[in-house]
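# Report on the structure
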Amino acid sequence: MHRLRMLAVTSMVATLALSAMAAPATAADKGKLTVVNGMPGTRIDVCIGRTNEIKSGLAYGASFRKQLAGSKKLRFRKAAPGKCRGKLLAAKTVGMPGGSDKTVVFSKKAPKVLVFNNHRIDLYNSNPVGVLAIRHAADLSWNPVHIDYQLWQEGAGGTLPPTLADDDPDSYEKGDARSQTLALSPYRMQLVVRRPAGSPVLRESDIFEVKELRRHEFYFVGTTAANSKLVHIVRGLAEVPSSS
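What you are looking at is a predicted structure, and each value in this text was computed from that prediction instead of being measured.

Turning our attention to the nonpolar core. The biggest cluster of nonpolar side chains holds 21 residues, and the ones touching the most others in it are Leu132, Val145, Ile147, Met189, Leu191, Val193 and Phe220. Setting aside its immediate chain neighbours within four residues, Val193 contacts Val145, His146, Ile147, Val201, Leu202, Arg203, Phe220 and Leu230. Leu58, Leu68, Phe76 and Val94 belong to the second largest nonpolar core, which has 19 residues in total.

This brings us to the confidence of the model for the protein chain. Here the protein chain shows a mean pLDDT of 82. Residues at 70 or above account for 74%. Under a pLDDT of 50 for its full length, residues 1-21 has, in the predicted model, 0 contacts with residues more than four places off or in other chains. In this model, residues 156-160 is a region of pLDDT below 50 whose contacts with residues beyond four sequence positions or in other chains number 8 contacts.

By the definition in use, this model includes 5 salt bridges. The partner of Arg65 in a salt bridge is Asp101, and the shortest N-O contact between them spans 3.1 Å. Pair noted here: Arg65 is in strand β4 (residues 63-68) and Asp101 is in strand β7 (residues 101-106), with a separation of 36 residues, a long-range link. Between Arg215 and Asp101 there is a salt bridge, and its shortest N-O distance comes to 3.1 Å. With Arg215 in strand β18 (residues 214-221) and Asp101 in strand β7, the pair connects residues that are 114 residues apart, well separated along the chain. Like Arg215, the residue Asp101 is buried in the burial classification. Within this structure, Arg65, Asp101, Arg215, Glu217 and Arg235 form a network of salt bridges that share partners.

Among the secondary structure elements, Arg135 is positioned in strand β9 (residues 128-136). For Arg135, a relative accessible area of 3% gives the class buried. For the pair Arg135 and Tyr219, spaced 84 residues apart in sequence, the C-alpha separation works out to 4.9 Å. If we ignore the near neighbours within four places in the chain, the residues touching Arg135 are Thr103, Phe116, Asn117, Asn118, Asp176, Ala177, Glu217, Phe218, Tyr219 and Phe220. Polar contacts involving the side chain of Arg135 include one to the side chain of Asn118, which spans 2.9 Å.

Reading guide: rules and limits
- Residues numbered from 1 in each chain as written.
- Predicted model: local features only at pLDDT ≥ 70, side-chain atom pairs only at ≥ 80, totals over all residues.
- Heavy atoms only, no water.
- Core = buried A, V, L, I, M, F, W, Y, C linked by side-chain atoms within 4.5 Å.
- Buried < 20%, exposed > 50% of the residue type's maximum accessible area, 1.4 Å probe, protein only.
- Contact = heavy atoms within 4.5 Å.
- pLDDT = per-residue confidence, 0-100.
- Salt bridge = Lys/Arg side-chain N within 4 Å of Asp/Glu carboxyl O.
- Helix = DSSP H or I, 4+ residues; strand = E, 2+ residues; numbered from the N terminus.
- Polar contact = N/O pair within 3.5 Å; in protein donor to acceptor, adjacent residues only side chain to side chain.

Printed below as a string of structure tokens:
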């Protein structure tokens, strides 16, 4: 009788262990993944592994967000009927630990898949209310660009003419990413992409207002000046970033 009781207890423990292993990950265990399609003229299907299609027909310049847990093999395929049946264009394994926040950009040329970590932000403003994140993921024939922003600020006589923020803006190559905090001020902003040496503007973003607890992410994508885009993604921040 004692032996039967021990066998029953052992079986119950094993069953509970298997149930725990099979339990789905909770929201706290998952990371936040954003995918951006940076390949002009191509809709893509995004798959995990060979058969799990998590997004169908993602257009150029569009994005979507998904919560995932663990290490995932992302496959980018040309959009086609069925699940994960289109031509394989690129693949990348991305780790998604709990609490992570990453953006993956698919592009035409190597490296075809870029991963940006949204938690890696340079905070140096003493009174921030938001974050501006700029990422270069384009494949122009001549790829170095300068990215600056211009400001419209409210004055006593109304809105003042726009002014560029920096006479010597940062130079970006594909894969470069820079971030800064935004201080509280009544102004509107617009990003401007130029060639080095002050040549004409390649692309301008939409004009947006700086509001409290917002992260403005911009992804410069495309293969020519004509089809390039500045993909603008706005996220809410849980709290004001601290510079300490």
